[in-house]
Amino acid sequence: MVKKICNILSTIVLVVLLAAAAVILVPMLLGYKEMAVLSGSMEPTIPVGSLVYVKPVEASELEAGDVCTYYLSDGETFVTHRVLSIDPDAQTLVTQGDANESPDGDIQFSQVYGRADFHLPYLGIAIQNIRTPVGIMTICGVVMLVILLNFIPAIIDAAEDEKKRSEEHTSELQSPRTI
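The structure displayed is predicted, hence computed values, not measured ones. Sequence order as written defines the numbering, with residues in each chain counted from 1. Residue-level local features of this predicted model are given only where pLDDT is at least 70; pairs of side-chain atoms are given and counted only at 80 or more, and the full residue set underlies all totals for whole chains, interfaces and linings. By convention in this description, side-chain values take in all heavy atoms of the structure and omit both hydrogens and water.

### Some thoughts on unusual backbone geometry
Then comes step 1: Cis geometry marks the peptide bond from Glu43 to Pro44, where omega comes out at 0°.
Then comes step 2: Its place among the elements puts Pro44 in the loop between strand E1 (33-36) and strand E2 (51-56).
Then comes step 3: The phi dihedral of Tyr122 falls on the positive side, at around 70°, and the residue is not glycine.
Then comes step 4: The helix count covers DSSP runs of H or I at least four residues long, the strand count covers runs of E at least two residues long, and both are numbered beginning at the N terminus. Tracing the chain through its elements places Tyr122 in the loop between strand E7 (112-120) and helix H2 (123-130).

This is the structure in structure tokens:
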């Protein structure tokens, strides 16, 4: 019974880990970069805590209505907002968060990283937390749990075998011997 429960739990944990890995790795293999949404500027279209998948594209490939990701002037911070208009002559575009009341202003084509093609709610929170010391310890704990779930049945079987051998040995010692 314990063996069956351990196998079921181990399978469930492995399936969840494989699904999470697929959600992260498959888009990466297709050229997408994942980014966690930290603010509510695109709500309700893209909720806070979502994981946005951005495909690198040239700014000239974007159209009004697309959701794009661009760098702020510091070169490290990304913003994902909807394109309102594009001025190909000035090489700029105007964006605005769906929840914002005013546009962001002119964004240079050189600041554009790519188009945000899709998002997955709540996964951004998980990805952000996995990168912390507590998240790393949690992943290590899950891996240890999977290992334990695979070894517990073997340990129980070994203990039962030892108990049977001990009982057999005891019964042999107690039975009368004939010479």
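### Some points on the packing of aromatic side chains
Then comes step 1: To pair, rings of Phe, Tyr and Trp, with the six-membered ring standing in for Trp, must have centres within 6.5 Å; the planes then decide the type, stacked if under 30 degrees apart, edge-to-face if over 60, and tilted in the middle. Scanning the model with the defined rule gives five aromatic pairs in all.
Then comes step 2: Judged by centre distance (5.3 Å) and plane angle (70°), the ring pair of Tyr32 and Phe118 falls under edge-to-face. One end of the pair, Tyr32, is in the loop between helix H1 (2-29) and E1; the other, Phe118, is in strand E7, and 86 residues separate them in sequence.
Then comes step 3: Relative accessibility thresholds used throughout: buried, under 20% of the residue-type maximum; exposed, over 50%; partly exposed, between the two (1.4 Å probe, protein chains only). Given a relative accessible area of 17%, Tyr32 falls into the buried group.
Then comes step 4: The class of Phe118 is partly exposed, set by a relative accessible area of 34%.
Then comes step 5: Ring centres of Phe78 and Tyr113 lie 5.6 Å apart, and the angle between their planes is 75°; this geometry places the pair in the edge-to-face category. Note that Phe78 is positioned in strand E4 (residues 78-87) and Tyr113 in strand E7, a separation of 35 residues in sequence.
Then comes step 6: The class of Tyr113 is buried, set by a relative accessible area of 19%.
Then comes step 7: Taken together, the ring pairs connect Tyr32, Tyr53 and Phe118 into an aromatic cluster.
Then comes step 8: The ring of Tyr32 carries the charged tip of Lys55 above its face, separated from the ring centre by 4.9 Å. The rule is short: NZ of Lys or CZ of Arg within 6 Å of the ring centre and within 35 degrees of the ring normal puts a charge over the ring.

### Some thoughts on the nonpolar core
Then comes step 1: Within the largest apolar cluster, eleven residues are counted, these being Val57, Ala59, Leu62, Cys68, Tyr70, Val79, Val83, Leu93, Ile107, Phe109 and Val112.
Then comes step 2: Listed by contribution, the elements that provide at least two residues to this core are strand E3 (67-71) and E4.
Then comes step 3: What Val83 contacts, discounting residues up to four positions off in sequence, is Leu62, Glu63, Ala64, Gly65, Asp66, Cys68, Leu93, Val94 and Thr95. Residues grouped as a nonpolar core are buried Ala, Val, Leu, Ile, Met, Phe, Trp, Tyr and Cys residues, joined through side-chain atoms within 4.5 Å. We call two residues contacting when some pair of their heavy atoms lies within 4.5 Å.

### Thoughts on the pattern of salt bridges
Any two side chains of opposite charge can pair, on the condition that their charged atoms come close.
Then comes step 1: When a carboxyl oxygen of Asp or Glu is within 4 Å of a side-chain nitrogen of Lys or Arg, the pair counts as a salt bridge. If you walk through the whole model with that rule in mind, you get four salt bridges.
Then comes step 2: Linking Arg82 and Asp98 is a salt bridge whose minimum nitrogen-to-oxygen distance equals 2.8 Å. On the criterion of sequence distance, the pair formed by Arg82 in strand E4 and Asp98 in the loop between strand E5 (92-96) and strand E6 (105-108) is long-range, its members being 16 residues apart.
Then comes step 3: Overall, the relative accessible area of 31% leaves Asp98 in the partly exposed class.

### With respect to the side chain of Glu34
Then comes step 1: Relative to the elements of secondary structure, Glu34 occurs in strand E1.
Then comes step 2: The residues contacting Glu34, other than those within four sequence positions of it, are Met28, Leu51, Val52, Tyr53 and Arg131.

### Observations concerning the pairing of E7
Then comes step 1: Relative to E7, E2 runs antiparallel, the two sharing six bridges. Directly across from Lys55, in E7, lies its bridge partner Arg115.
Then comes step 2: A pair of strands is treated as paired once DSSP finds two or more bridges between them. Pairing between E3 and E7: three bridges, direction antiparallel. Bridging from a neighbouring strand, Tyr70 pairs with Val112 of E7.

### Quick word on a nonpolar patch on the surface
Then comes step 1: Patch building starts from residues that exceed 30% relative accessible area and form no salt bridge, then joins like charges within 9 Å and nonpolar side chains (Val, Leu, Ile, Met, Phe, Trp, Tyr) within 5 Å. In these tables, accessible area is a Shrake-Rupley quantity obtained with a 1.4 Å probe, and a residue counts as shielded only by the protein chains included in the view. Together, Met1, Ile5, Ile8, Leu9, Ile12 and Val16 line one region of the surface with nonpolar side chains, adding up to about 610 Å² of accessible area.
Then comes step 2: Mapped onto the secondary structure, Val16 falls in helix H1.

### Remarks on the pairing of E4
Then comes step 1: In terms of strand pairing, E3 meets E4 through five bridges, oriented antiparallel. Residue pairing in the sheet places Tyr71 in a bridge with Phe78 of E4.
Then comes step 2: Where E3 hands over to E4, the hairpin turn is made up of six residues, of which Gly75 adopts a positive phi near 80°.
Then comes step 3: Direction of pairing for E4 relative to E5: antiparallel, over a ladder of five bridges. Residue pairing for E5: Asp87 is matched across the bridge by Thr92.

Remember that the coordinates give geometry; whether it matters functionally is a separate question.
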